Amino acid sequence: MSGSEAVIQANGLVKRYGQLEAVRGIDLEVKHGEIFGFLGPNGAGKSTTISILCTLLVPSAGTAKVAGIDVVQDPARVRQRIGLVFQDPSLDDQLTGRENLEFHAWIYSVPASERGKRIDEMLALLQLTERAGSQVRTYSGGMKRRLEIARGMLHQPQILFLDEPTLGLDPQTRQSIWTHLNELRTTTGITIFMTTHYMDEAEYCDRIAIIDRGKIVALGTPDELKAMVGGDVVTITSSRPEEAAAEIEKRLGVTPIRDNGSLRIEVPDAKVFVPRLVRELEAPVDTVTLRRPSLDDVFLKLTGRAIRDEEAGTKDQMRAMASRWMGRRR
């Protein structure tokens, strides 16, 4: 498969629960070998979409193909070609790291003659060799997540799905996970499809689809998306924000976006705008900061609100997903 061919295709994907439309007509293509990010807040439709692509849910309308195979018509063949790492841990804490991988290799019918070699390779790649004989209950959160990634790769899938892969991990551990994922992509050429609500994590992706309320509202590289904001972002705080916002709109001709008590303003050149702001604004201004646009600014521009680093999804939902997935493998 060449680098230009799509390994994931969705056309008009819809998922309804009664009157609720969790996914509302999604179209996307993911290319071979790329890291593709699905960025959005809790309840946006990320996990529902990934569940459809991984054959855990049947779409209400539309079609999806993964590795060229229709997810509804032949889900078993799709599952043979994908790996999946859930938000919620699904390892057996009483087994060792190696035993968890051996069990997974058996479920996926990895040839007995190859199991040992593949397990050793994955343990080495994810830097878990020294702890392979330890019970998983003794692992740190980051080690458990690396073991889950190793498990997801063991049967040599074409595509690795990661649903909030670093949820709940500290920033240093998240950085370490991404170092391993990038090495994995470089070493194996695998396609990675991930959901996240962490803005900094989305920066690692080759392309990002921003999803909100079940629809894709923007798609492109991180730089392309940030170019949608353009110029600079000026943020001010004021003890009288409503008055300040009205003055900025009237005197400076721009409409501030209210964000958690602050006012954000997109301007072509902050060096020109800020002196005018200070000179012409009569409402009190406590702080003024300026910076280049971020993905958070893009989401704010498109939806009128910011993504917060809140827990995305519920553990019960993710346990149900994991149970359905493992049940279909046995």
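That block above? That's the structure.
These figures come from a predicted structure and were not determined experimentally. (Residues numbered from 1 in each chain as written. Predicted model: local features only at pLDDT ≥ 70, side-chain atom pairs only at ≥ 80, totals over all residues. Heavy atoms only, no water.)

Caption draft 1: Structural detail: helix H10 (residues 270-280). Those residues of H10 that sit buried are Ala 270, Phe 273, Val 274 and Leu 277. Looking straight down H10, one finds that the buried residues subtend no more than 100 degrees of arc, so they occupy a single side. Turned more than 90 degrees away from the buried face of H10, the exposed residues are Lys 271, Val 272 and Arg 279. The inward-facing, buried residues of H10 contact strand S11 (232-237), helix H9 (241-252), strand S13 (262-267) and strand S14 (287-291). N-cap assignment for H10: the residue whose side-chain oxygen lies 3.0 Å from the backbone N of Lys 271 is Asp 269. (Buried < 20%, exposed > 50% of the residue type's maximum accessible area, 1.4 Å probe, protein only. Helix = DSSP H or I, 4+ residues; strand = E, 2+ residues; numbered from the N terminus. Arc of directions from axis to C-beta. Contact = heavy atoms within 4.5 Å. Polar contact = N/O pair within 3.5 Å; in protein donor to acceptor, adjacent residues only side chain to side chain.)

Caption draft 2: The pattern of salt bridges, seen in detail. Under the criterion given, the structure shown has 23 salt bridges. The partner of Arg 145 in a salt bridge is Glu 148, with the nearest N and O atoms 3.0 Å apart. A residue pair is termed a helical-turn pair when its members lie 3 or 4 positions apart in one helix, as Arg 145 and Glu 148 do in helix H5 (residues 141-153) at 3 residues. Here Arg 145 and Glu 148 have matching classes, each one buried. Residue Lys 226 is joined to Glu 203 by a salt bridge in which the shortest nitrogen-to-oxygen separation is 3.1 Å. One end of the pair, Lys 226, is in helix H8 (residues 222-227); the other, Glu 203, is in the loop between helix H7 (199-202) and strand S9 (207-212), with 23 residues separating them in the sequence. The class of Lys 226 is buried, set by a relative accessible area of 18%. One network of salt bridges, in which partners are shared, links Asp 259, Arg 264, Arg 291, Asp 296 and Asp 297. (Salt bridge = Lys/Arg side-chain N within 4 Å of Asp/Glu carboxyl O.)

Caption draft 3: Up close: the nonpolar core. Core analysis: the largest hydrophobic core is formed by 46 residues, its most contacted members being Ile 149, Leu 160, Leu 162, Leu 181, Ile 208 and Ile 210. When sequence neighbours within four positions are dropped, the list of residues in contact with Leu 181 reads Ile 149, Leu 160, Leu 162 and Ile 192. The next biggest cluster of nonpolar side chains, apart from the first, holds 31 residues, and it includes Val 7, Ala 10, Leu 57 and Val 71. (Core = buried A, V, L, I, M, F, W, Y, C linked by side-chain atoms within 4.5 Å.)

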